[in-house]
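Chain by chain, the residues:
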Amino acid sequence: MSDRLLFLGPPGAGKGTQAQLLAAERGLLHLSTGELLRAEVQAGSELGTEAQAVMARGELVSDALVLAIVKARLLSHDGGWLLDGFPRNLAQAGALRELLDELKQPIEHVVLLQLDDGILLQRLLSRGRDDDNEAVIRNRLEVYREQTAPLIAFYRQLGLIREVEAEGAVEAVASRVSAVVSQPL
């Protein structure tokens, strides 16, 4: 059974939902970078204070700061984990790999949720968010592909990618995810 997982997939593929379900099923620490940042800010930690200052300026939190927060959480947790939303590019993947090597906690599986663009578009439009119109969504998907294609190739070369079809009911997708991460490398 895999205890150290990474989730990848386009916006609207259900990464957050599937990550939460699998983490709950297996008792894994769910490390969503957005939630981690908010938790650090709310806790008033030194890293949270630094992150809040960056976000208040409307800037993106640096890779180094995100890695520091991930490291702090992994050091204070004795057990399996699931990363959701990080890394987003090759530079982040390389830095994460170095960190995980240092901690002797390598990634065991990378779950890649796959979904047809037409279905992704329908899902994202149905959420009804103000910033979700077809042009914006198509651009987000293009940005995802540009940034994530090299990331997928990186993890595929390491033999870690496990593709999961993300179409269908939440429970059906969760069953497929659980089955692929139960397989040995």
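The rules behind each value
Residues numbered from 1 in each chain as written. Predicted model: local features only at pLDDT ≥ 70, side-chain atom pairs only at ≥ 80, totals over all residues. Heavy atoms only, no water. Helix = DSSP H or I, 4+ residues; strand = E, 2+ residues; numbered from the N terminus. Rg over C-alpha atoms; globule rule 2.2 N^0.38 Å. Buried < 20%, exposed > 50% of the residue type's maximum accessible area, 1.4 Å probe, protein only. Axes fitted to C-alpha atoms, helices over the stretch in contact; angles between N-to-C directions. Parallel < 35°, antiparallel > 145°, perpendicular 65-115°, else oblique. Left-handed = near helix turned anticlockwise from the far one by under 90°. Contact = heavy atoms within 4.5 Å. Nonpolar A, V, L, I, M, F, W, Y, C, P; charged D, E, K, R; others polar. Core = buried A, V, L, I, M, F, W, Y, C linked by side-chain atoms within 4.5 Å. Pairing = 2+ DSSP bridges.

K.L.:
So what about the overall build of the protein chain? Which residues, and what values?
P.N.:
Scanning the protein chain from N- to C-terminus turns up 8 helices and 5 strands. For the protein chain, the sequential pattern of α-helices and β-strands runs β-α-β-α-α-α-β-α-β-α-α-β-α. Expected size for 185 residues packed as a compact globule is a radius of gyration near 16 Å; at 16 Å, the protein chain falls within 12% of this value. C-alpha extents for the protein chain along the principal axes are approximately 45 × 40 × 30 Å. Here the protein chain holds 185 residues, and the buried ones make up 45% of them.

K.L.:
Which residues make up the packing of helix 4 (residues 63-75) against helix 5 (residues 90-103), and what are the values?
P.N.:
Between helix 4 and helix 5, the shortest axis-to-axis distance is 11 Å and the interhelical angle comes to 25°. Judged by the angle between their axes, helix 4 and helix 5 are roughly parallel. Helix-helix and strand crossings are classified by hand; for helix 4 and helix 5 the assignment is right-handed. Along its contact with helix 4, which presents D63, L67, V70, K71, L74 and L75, the element helix 5 presents Q92, A95, L96, L99, L100, E102 and L103. Tallied by class, the residues present in the contact of helix 4 with helix 5 amount to 9 nonpolar, 1 polar and 3 charged.

K.L.:
Can you tell me about the nonpolar core, naming the residues and giving the values?
P.N.:
Core analysis: the biggest nonpolar cluster contains 33 residues, and W81, L96, I107, V110 and Y155 have the highest contact counts within it. The dominant element in this core, judged by the number of residues it contributes, is helix 4, at 6 residues. Counting 23 residues, the second largest nonpolar core, distinct from the first, contains A19, L28, L141 and V180.

K.L.:
Any chance you could break down the pairing of strand 4 (residues 109-114) for me, citing the residues and the numbers?
P.N.:
Every regular strand shows the same layout, with side chains that alternate between the two sheet faces. Counting buried positions over the 6 residues of strand 4 gives 5, a clear majority of the element. One ladder, built from 4 bridges, connects strand 1 (residues 4-8) with strand 4; its direction is parallel. Following the sheet pairing, F7 is matched in strand 4 by V111. Bridge count for strand 4 against strand 5 (residues 161-165) is 5 bridges, and the pairing is parallel. Following the sheet pairing, L112 is matched in strand 5 by E163.

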